[in-house]
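Below are the chains, spelled out letter by letter.
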Amino acid sequence: MRRLTDNWRSTTARLILIYGSFFALWGIVVIGLIHWQAASYLTRVSNELIGRQADYFSMLDEPTRLRALDDYVSLETRQLNAWGLFDAHGKALAGTITVLPPNVLINGPVAIVPQGLARSDGHAHVSVRAAAVRLRDGRILLVSRDTSIVDRIGTIILQALLWGISLTVVPGLLGGWLLSRGPLRRVHAIREATLPIMRGDLAQRLPVSRRGDELDMLAGIVNAMLDEIERLLGEVKGVCDNIAHDLRTPLTRLRARIYRLQQQFGADSSENETLEACLVDTDALLDRFRALLRISELENQQRRAGFDQVDLAEILQEVHALYLPLAEDRGQRLELQQPSLPPIHADRHLLLEALSNLVGNAIKFTPPGGRVDIRARVAEDGPWVDVCDSGPGIPPDQRDAVTRRFYRAESCRSTPGSGLGLSIVSAIARLHGYTLQIADNAGDSGARLSLHCRDAAAV
Amino acid sequence: MPRILVIEDDDVTAREIAAELASHGIDTDRVADGREGLRRAADPCYDAITLDLMLPGLDGLSVVTQLRGQGIATPVLMISALSDVDERVRGLRAGGDDYLTKPFAPDEMVARVDVLLRRHRQQAQQTLLCVADLELDLVRHVVRRGDTQLSLLPTEFKLLEFLMRHAGQVLTRTMIFETVWGFHFDPGTNLIDVHIGRLRKKIDAAGCAPLIHTVRGSGYSLAQTD
């Protein structure tokens, strides 16, 4: 159920991603600004320096100039500076620069020579700035200075930026992923806790930790909501039960009066038929109320006093024997298939009631000539009892609904019954901690209702 | 004429019980309090007792326990608003003979009282039950109608035994289901009818006078028709 990508969907992870991106972007802007300012400052200084030096050299007399130019080169230990002397036609006369670059204007501003200048002393310059001045005798003096330091500073700043980002973003993302695991684990715990609630066990609550954070606040809100829902449902159920309970007494008296009337008139009288119909209707009403009260009785019964080791195989045989004549009367085949079954911990009477209801239901909803199979199978965590029929089946969207009180599938409206049989079964199953599954009858048209007698000790 | 002690604190229920029993020719005395009920129950003139479990003074369960403790064996029909199987089991263990849940159909109550009264009268263990030309031998597990031996399934045998032990009495479907199968839930009306139908087909074969009769609105009765 839980996927790795789930971690990235949490609020913490999203915040960390947003903050990470914002931080990285801001870092890039700041570093870019620093880079731009540093570069422009260095460029300005270099330009001024080169311009002044060119002017200075041009004003000196020849011997002094040559000495000064040598000093200019040798005093700069890193061989950053270079010069070249050209005649009016651009032919190299002296110095280490042998070619006059075309983009450097004579007496013009300091210009960049990005591809570098060819130097006779073998020093290759990546990027240089140069200025050319015309001397009084017409010759041209070119002075250059290596300014790749500006680029190098740029590179250093860029590297610093990359390191900074990787050192911030990578642990940030990792931390975010790890941090989001905690809340996610709690979300999963909450999801686990909601499953029984969705199945109808409204007594369950969401887990609340002592931290009191957002998740706890939400869980608290949901829990308060569940309290209210449970109270309201309890009230509705209580009202239903009270009505059922209160109506039973007058209904029983009504039935008694009709019965007495019938006895007085005798079996041959003309009123007998009507009275008989009245009795049948009253009995149907009483049955329905009895079933309703039985469910609430089962739901309120939390103790397990009647629980004991029970022979499931024997119970299945009893149920089979009980219903076989009914099935045969309806032209149905009722078959029991069971392997040797281990004893289970259950209330014998309730289990009989549940299984009888399942089989009775299957027979009721299977047309004459059909078949009903009771199959038991052994599983690790307790035996299963499948009751399969060849009736109309239960559509998937109605499977939850059929265990609700009074629910009857659309296709069975005309069949007599209280609509409470499966509700009784699921109430008994709940009391035992068993599960009732409703599925298609594999390879057949009907329904398969499975009671999983899960061993409480195995859970 | 049989005489019954009704220990019941609810006036309406008590009146109902008395009226219904009177219409079946049974006399009743009524007591509303548990302690008083226990004192009167010792009187040997009563053939049976109906006992409400929720009583002022002394509760029904204690009444029946003390009654049996004094060696008084008058049959007791316990009547309670609690339909729980556990309650029933506790009531029967304490010494009650039958258990009926409120609200009850009067004919159901009368049928049960009737069974208790007759059981009280014929305590001797019979091994051969006879009704008309129908014979059921409990020892040899044989059923005979006239000269024909009938083959019955175990459940059918138990069902017939119950009907024959209470020949001439009305037995409700609930009583049959509780006694023959030992189940205490609502199996749906026609389940018992189907089982009775099967038995009837075997017992009342063509040409024989029918012995199993349907009592409309109530249940069944096995009796020889005159």
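Treat the numbers as computed from the prediction; the structure is a model and nothing was measured.

Visitor: Tell me about the interface of chain B and chain A, and please be specific about residues and values.
Guide: Taken together, the contacts link 30 residues of chain B with 31 residues of chain A. Together, the buried faces of chain B and chain A total about 2800 Å²; carbon and sulfur atoms form 52% of this surface. At the boundary of chain B with chain A, the tally comes to 5 salt bridges. A salt bridge links Asp107 of chain B to Arg255 of chain A, with the nearest nitrogen and oxygen atoms 3.7 Å apart. Of all the secondary structure elements, the ones that give two or more residues to the side of chain B that touches chain A are helix H1 (11-23), helix H4 (85-93), helix H5 (106-121), helix H7 (173-181) and helix H8 (189-203) of chain B. Sorting elements by how many residues they give to the side of chain B that touches chain A places H8 of chain B first, with 5 residues. Of the residues contributing to the side of chain B that touches chain A, the split by class is 13 nonpolar, 8 polar and 9 charged.

Visitor: Now, about the sheet that holds strand E7 (residues 333-337) of chain A: what can you tell me, with residues and values included?
Guide: Residues and elements named next belong to chain A. Across the sheet, which stays open at both edges, the 5 strands sit in the order E7-E9-E10-E12-E11 with mixed pairing between neighbours. Unpaired on one side and paired on the other, E7 and strand E11 (435-440) mark the two borders of the sheet. The sheet shows a mean angle of 15° between the axes of neighbouring strands, taken without regard to direction. As judged from the 5 bridges shared by E7 and strand E9 (residues 371-377), these two strands associate in the parallel manner. The residue bridging Gln337 from the neighbouring strand is Arg375, located in E9.

Visitor: Tell me what's going on with helix H1 (residues 11-59) of chain A, and back it up with residues and numbers.
Guide: Residue and element names in this part refer to chain A. In this model, H1 (49 residues) spans 71 Å end to end at C-alpha, consistent with the 72 Å of a helix rising 1.5 Å per residue. Taken residue by residue, H1 has Ala13, Ala24, Gly27, Ala39, Thr43, Ser46, Ile50, Gly51, Gln53, Ala54, Phe57 and Ser58 as its buried positions. Where H1 is buried, its residues touch helix H2 (62-74), strand E4 (128-134), strand E5 (140-146) and helix H3 (148-198).

Visitor: So, the pairing of strand E4 (residues 76-80) of chain B: which residues are in play, and what are the values?
Guide: Residues and elements named next belong to chain B. Of all 5 residues in E4, 5 are buried; the element is thus mostly enclosed. Burial of the side chains of E4 extends over both faces: Val76, Met78 and Ser80 are buried on one face and Leu77 and Ile79 on the other. Of the strand pairs in this sheet, strand E3 (residues 48-52) and E4 are connected by 4 bridges, and their pairing is parallel. Residue Asp52 lies in a different strand from E4, and its bridge partner there is Ile79. Remark: the E3/helix H3 (residues 60-69)/E4 crossover connection has right-handed handedness. Across 4 bridges, E4 lies against strand E5 (residues 98-101) in parallel orientation. Note that in E5 the partner of Ile79 across the bridge is Leu100.

Reading the values: rules and limits
- Residues numbered from 1 in each chain as written.
- Chains lettered and ligands numbered in written order.
- Predicted model: local features only at pLDDT ≥ 70, side-chain atom pairs only at ≥ 80, totals over all residues.
- Heavy atoms only, no water.
- Contact = heavy atoms within 4.5 Å.
- Buried area = accessible area lost by both parts, 1.4 Å probe.
- Salt bridge = Lys/Arg side-chain N within 4 Å of Asp/Glu carboxyl O.
- Helix = DSSP H or I, 4+ residues; strand = E, 2+ residues; numbered from the N terminus.
- Nonpolar A, V, L, I, M, F, W, Y, C, P; charged D, E, K, R; others polar.
- Pairing = 2+ DSSP bridges.
- Axes fitted to C-alpha atoms, helices over the stretch in contact; angles between N-to-C directions.
- Expected span 1.5 Å × (residues − 1).
- Buried < 20%, exposed > 50% of the residue type's maximum accessible area, 1.4 Å probe, protein only.
- Right-handed = clockwise from strand over helix to strand, strands pointing away.

Nothing here speaks to function; it is geometry throughout.
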